[in-house]
Structure formats: C-alpha cells, structure tokens
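Report on the structure
Here are the chains, one letter per residue:
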Amino acid sequence: MLILAPMQGLTEVLFRRVFHRCFPQAFDLAVSPFLSLTHGNLADAWKKIGDVLPETNTDSIPVVPQILGKECEEFVALANRLYDVGHNEVNWNIGCPMRRVAGKHRGSGILPYPDEVRQVLDGVVPHLKPALSIKMRLGHQHDDEIFRLIPILNDYPLKSITIHPRTGKQQYGGSVNLDRFGEVLPLLKAPVAYNGDIRTVADYQRIMQRFPQVKDVMIGRGALLNPLLPSQIKGIAVGEAEARRFIAELIDEIDRQPLSNEAKIRKTKEYWCLLWHATSINESQSRELLRTPDLATLQNGIRKTISEH
C-alpha cells in the first residue's frame, strides 16, 4: 500500500482531492496533517476538522486523521468524535521534528520520555472507539531512543507503526538510518510501514528488497517534487503532460477557495516551489515566477509557462 504522508499546509484535502482526480490509482491512503491539541485546546482542533470530514473527502484519497498532543481527555474526545463521523482509525503523531512542537514534549519531543508515552497510551487506548496507529521517528536526540519505547508500544493493540528512520534533531537533513530501521523492524508486534527519502522508483525498490516484511510505504516530499512517482511505482504509464495537468488543476482549485489573495499567493508559491521539478521548466523561470507579487500574474504566469513547454 502506498500512503501519502502528512505535510502541514501542503497535503490538505485541497491537494488530496486534485491528486486523486489526476492520479486515481496512485495513493491508496493518506494521513492528514495533524490536528493539534497544544495546550489542551480542543477548540483549535475542531476548527480544522473540516479537512478530514468524510463529506469533504468523497472525491479524495481516503484519509486517516492525525492527532498531535498528549492530553488524554482531549485526545479521546477528538478521536471518538472522528469515529462518530466515520473514521475507524486515528494516527498519533510522535514524529514531528519542529522545535516549537518538540520542545513541549510533543511530536518527536516525547520520544526520549518513555514514561510519558506510556502515560498517554494508558490514558487513551482503553477509551478509544477507533483503532490507533502511530507515526514516529527513531528518537529525538538519538536514534537508539526507540529501543526503550518498543516494549511499551508492544503492550498496546496498535493498528500500525510508521517509522521515519531519522531523529527529530536531524529534521529532514542527513541520511535515513536504514541499519537501525532494520534492527527495530523485527522487534515490533504491530505492522511497520516505512517513511523517508523515497524520491524515485529505485528508492522504493531498494526499500522493498531490503525489507520484504514491509508492506506499506509512506511518501511525502517525493510526491510533491514528482507527483508522477506513486503511479510510476505501481507501473502506471504517466508522463510530464500528466504532471503539468496536475499543476494546472491544483492552481485552479486554489483559486476556487474562499481565501484572501495573500493566502492564495502563499499557497500557490508553496506548491510551485516544489512541483516545478516535475517539469522540464528551468530553475530561472521557476524562480522568476516565485518573485511575482500579484495573484493573477502569478497564476497566469504558471499556467502560461506549463502550457508552452
């Protein structure tokens, strides 16, 4: 199974909907950008629930909502609300490396504290209606922190555990530690999915050949740099024309959103700075478009550029 990774501000329902329309057989599942329980503020999470409501995802990649936080009562309330509207699974984010998150023992910041992980699981699992999966890293400071967590994780009926084999401290730099991933893999009872640095079909094949027991692979930035990649992995014939169509439809979808012009400019540029790599457009043209301050000029410039090459 190919899973679209959660990327804040990028893999929201807007993106998932257009991706599914253009590449309906590519991703089997998506994990949503996280709904945050920071400071125990459940109201903030409710505001973003529209991104994962079934009625807004009918023509999108099937999605599993992800929750960031360690407040047990609020976690259970949010997860059970999500179950009531149609989600049979929620995902707990203990992998986010952002400093402002990790510094509060959230995301990957909780990984050095096994007692806190157990406290959350003890307070949440017995009261959940949906199944619980986890997305995590090898550790926050050190890649051996996971070994203290494995006995804890094995005590709970987790649906799956997705591991990005970096530390939180690495952010997205340096290399993934496949040796450590291989050591961890047979020690976990729950099915393990792989996530990290899948940029080409060859990358995917290397992971599957090295770890044949892994059945599910999660791809994030690789699909933003090359939206053809999931289809290519599955042997579906796609080319640059499909990538250009996807970019054009994504821009059209942004334009239809009830957002301010400033927000539309920001979102268009966020996508364009990644997606242009999937085309034969040169970097200088791409960067010139990113310097455009006006929405209509920016979007029309992108449309013109991708139609001319």
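The following refers to the structure shown. Note that this is a predicted model, so its numbers are computed, not measured.

What follows concerns unusual backbone geometry. Phi is positive for H105, which is not a glycine, with a value near 60°. Mapped onto the secondary structure, H105 falls in the loop between helix 4 (99–102) and helix 5 (114–124). Positive phi, close to 60°, is recorded for D197, a residue that is not glycine. In this structure, D197 sits in the loop between strand 9 (192–195) and helix 8 (201–210). Of the residues examined, D197 reaches a relative accessible area of 31% and is grouped as partly exposed.

Inspection of every chain in the model, using the stated rule, returns 23 salt bridges. E116 is the salt-bridge partner of K70, the closest N and O atoms lying 3.7 Å from each other. On the criterion of sequence distance, the pair formed by K70 in the loop between strand 5 (66–68) and helix 3 (72–84) and E116 in helix 5 is long-range, its members being 46 residues apart. Taking relative accessible area as the criterion, K70 reaches 28% and is therefore assigned partly exposed. The partner of E253 in a salt bridge is R256, with the nearest N and O atoms 2.7 Å apart. Placement of both E253 and R256 in helix 11 (residues 240–256) is noted, with a separation of three residues, approximately one turn of the helix.

A separate point is the sheet that holds strand 2 (residues 29–31). Sheet architecture is open: ten strands sit in the order 3-5-6-7-8-9-10-1-2-4, paired in parallel fashion. Sheet topology places strand 3 (35–36) and strand 4 (63–64) at the edges, where each strand pairs with a single neighbour. Against the sheet, helix 6 (residues 146–153) contacts strand 7 (131–139) and strand 8 (161–167), and its axis sits at roughly 165° relative to strand 7.

Let's shift gears to the nonpolar core. Note that soluble globular proteins tend to have their nonpolar side chains buried in a common cluster. Counting 92 residues, the largest nonpolar core has F75, W92, M136 and I163 as the members making the most contacts within it. Those residues in contact with W92, other than ones at most four positions away along the chain, are I67, G69, F75, I110, V117, V120, L121, L132, S133, I134 and K135. Judged by nonpolar contacts, the second largest core, of six residues, contains A5, L29, V31 and V64.

Between helix 5 and helix 6, the shortest axis-to-axis distance is 9 Å and the interhelical angle comes to 25°. One finds that helix 5 runs roughly parallel with respect to helix 6. Note on packing geometry: the crossing formed by helix 5 with helix 6 is right-handed. Listed contacts from helix 6 to P114, V117, R118 and L121 of helix 5 are R148, L149, P151, I152 and L153. Across the contact of helix 5 with helix 6, the residue classes break down as seven nonpolar, no polar and two charged.

Cut-off values and rules
- Residues numbered from 1 in each chain as written.
- Predicted model: local features only at pLDDT ≥ 70, side-chain atom pairs only at ≥ 80, totals over all residues.
- Heavy atoms only, no water.
- Helix = DSSP H or I, 4+ residues; strand = E, 2+ residues; numbered from the N terminus.
- Buried < 20%, exposed > 50% of the residue type's maximum accessible area, 1.4 Å probe, protein only.
- Salt bridge = Lys/Arg side-chain N within 4 Å of Asp/Glu carboxyl O.
- Pairing = 2+ DSSP bridges.
- Contact = heavy atoms within 4.5 Å.
- Axes fitted to C-alpha atoms, helices over the stretch in contact; angles between N-to-C directions.
- Core = buried A, V, L, I, M, F, W, Y, C linked by side-chain atoms within 4.5 Å.
- Parallel < 35°, antiparallel > 145°, perpendicular 65-115°, else oblique.
- Left-handed = near helix turned anticlockwise from the far one by under 90°.
- Nonpolar A, V, L, I, M, F, W, Y, C, P; charged D, E, K, R; others polar.

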